[in-house]
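# Observations on the model geometry
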Amino acid sequence: QARARLLQFIPRAPACLCACVALGRSSAATKMSAGGELPAGWGAYQDAEGRTYYANTTTGESSYDPPVPPPSTEAPALPDGWTAHQTEDGKMYYANVATGETAWEPPVAAPPAPAPVGGGQWSVEFAYELGGEGIEATFQGRVLVLDREHRSVATTVDALSAGTITMDAGFCVVFSGSRQAYYLLWRSDKEAEAFASLGLPGQLGETWATTQVIGLGPIGSESTFDGRAALLDKGLYGSVSVAVDALQGGTIQVDMGYCVVFSESQQYYFLLFRADKVSEAAQLFGG
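As the structure is a computational prediction, the values presented were derived from the model and not from experiment.

### Details of the overall build of the protein
For the protein, the helix and strand inventory stands at six helices and 13 strands. Here the protein holds 287 residues, and the buried ones make up 36% of them. A fraction of 55% describes how many contacts in the protein between residues 6 or more apart in sequence connect residues 24 or more apart. About 17,000 Å² of surface is accessible on the protein, with carbon and sulfur atoms providing 52% of the total.

Written as structure tokens, this is what we have:
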């Protein structure tokens, strides 16, 4: 009886070894240090003949072959919006609550968007007004002109930034429907090339031009600019061209980069702005 109680605590070797024990050749099992990690509950042992076997003291299983770890139940990393679920029979599946999609295979995250070609960026700050309809000869055949379906500088810049419009050259011309004018757009790393293609100065910087204007309204529309932009002296500067010459020559200094002039010949107020203030002027005064 004592021998029987002792055998209950000795991990059993596989059936062939048990037969040897029954014949009285050995009843001892020696625990060994496992060379590799074994599944939970399993240990490595040596029988009386020096053979290694494996036993699970919890389940009573034993084998001369190393036990195979059970498959991992850890869910793989999933893209945003996806979660892992199990069917009633334990089968794993994946679902996206936002889109309603489901899949048996783990979904793969979409690759990151490619970096902008050339490393530059598009911005409404990189836009220069060329002039209204009738000046097409100054740029046709020298730079790509976008179709009239693109009728806004801002939305065109967004499309260029997102890659919806591909522009390998890095610059193009678009017609603004709201301002009824053509604009040269360029990527930040293509400024010099864009200007050179049209024979413009390489760096426009703080230049003034008669094409850089926004019509504000006739006499009586002063409220559109009062307190927002300075009005040049009507007695000294009675036209857009005279005011631009004075601004470009440095006779007039306008730190904010834009001002208003009253055209005597047209009886109309115009906002003048520097080349580096295109976006700011458009946001403040429309056009």
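### Digging into the sheet that holds strand β10 (residues 181-186)
Across the sheet, which stays open at both edges, the three strands sit in the order β8-β10-β9 with antiparallel pairing between neighbours. Looking along the sheet, the strands with just one partner apiece sit at the ends: β8 (127-131) and β9 (171-176). Recorded for the sheet is a direction-independent mean angle of 30 degrees between the axes of neighbouring strands. Across six bridges, the pairing between β9 and β10 is antiparallel. Counterpart to Cys172 in the pairing with β10 is Leu185. Running at roughly 25 degrees to β10, helix α3 (residues 153-162) makes contact with β8, β9 and β10 of the sheet.

### Thoughts on the pattern of salt bridges
One pass over the structure, following the stated rule, counts seven salt bridges. Taking the shortest distance from any N to any O, the salt bridge between Asp47 and Arg51 comes out at 3.0 Å. A residue is classified by how much of its surface remains accessible, and Arg51, at 33% relative accessible area, is partly exposed.

### Considerations on the sheet that holds strand β13 (residues 268-273)
Ordered by their spatial adjacency, three strands build an open sheet running β11-β13-β12, and the pairing between neighbours is antiparallel. Unpaired on one side and paired on the other, β11 (213-218) and β12 (258-263) mark the two borders of the sheet. Looking at each pair of strands side by side, their axes are set apart by 25 degrees on average, direction ignored. Taken together, the six bridges between β12 and β13 define a ladder with antiparallel strand orientation. Across the sheet, Ser263 pairs through a bridge with Tyr268, a residue of β13. Against the sheet, helix α5 (residues 240-249) makes contact with β11, β12 and β13, and its axis sits at roughly 25 degrees relative to β13, the strand it touches most.

### Some remarks on the packing of aromatic side chains
Within the structure shown, the criterion is met by 11 aromatic pairs. Members of the aromatic cluster, each reached through a chain of ring pairs, are Tyr45, Tyr53 and Tyr64. The cationic tip of Lys91 hangs over the ring face of Trp104; the distance from NZ or CZ to the ring centre is 4.3 Å. Against the face of Phe262 rests Lys234, its NZ or CZ located 4.7 Å from the ring centre.

### Considerations on α5
What α5 keeps buried is the set Val240, Ala243, Val244, Ala246 and Leu247. Within α5, the buried residues cover an arc of 165 degrees as seen down the axis, which keeps them to one side. Those residues of α5 that are exposed and angled more than 90 degrees off the buried face are Asp245 and Gly249. Against the buried residues of α5 lie β11, β12 and β13. Following α5 by one or two positions, Gly250 adopts a phi angle in the positive range, close to 90 degrees.

### Examining the nonpolar core
Counting 27 residues, the largest nonpolar core has Tyr183, Leu185, Leu216 and Leu271 as its most contacted members. Within the residue set of this core, elements represented by two or more residues are α3, β9, β10, β11, β12, β13 and α6 (278-285). With residues up to four places along the chain from it excluded, the contact list for Leu271 reads Gln212, Val213, Ile214, Leu216, Ala229, Tyr258, Cys259, Val260, Ala281 and Phe285. Core analysis: the next-biggest nonpolar cluster, separate from the first, contains 15 residues, Phe171, Val173, Phe175 and Phe195 among them.

Parameters and conventions
Residues numbered from 1 in each chain as written. Predicted model: local features only at pLDDT ≥ 70, side-chain atom pairs only at ≥ 80, totals over all residues. Heavy atoms only, no water. Helix = DSSP H or I, 4+ residues; strand = E, 2+ residues; numbered from the N terminus. Buried < 20%, exposed > 50% of the residue type's maximum accessible area, 1.4 Å probe, protein only. Contact = heavy atoms within 4.5 Å. Areas by Shrake-Rupley, 256 points an atom, 1.4 Å probe, with all protein chains shown as cover. Pairing = 2+ DSSP bridges. Axes fitted to C-alpha atoms, helices over the stretch in contact; angles between N-to-C directions. Salt bridge = Lys/Arg side-chain N within 4 Å of Asp/Glu carboxyl O. Phe/Tyr/Trp six-rings, centres within 6.5 Å; stacked < 30°, edge-to-face > 60°. Lys NZ or Arg CZ within 6 Å of the ring centre and 35° of its normal. Arc of directions from axis to C-beta. Core = buried A, V, L, I, M, F, W, Y, C linked by side-chain atoms within 4.5 Å.

Read these as layout, nothing more, since geometry by itself doesn't imply function.
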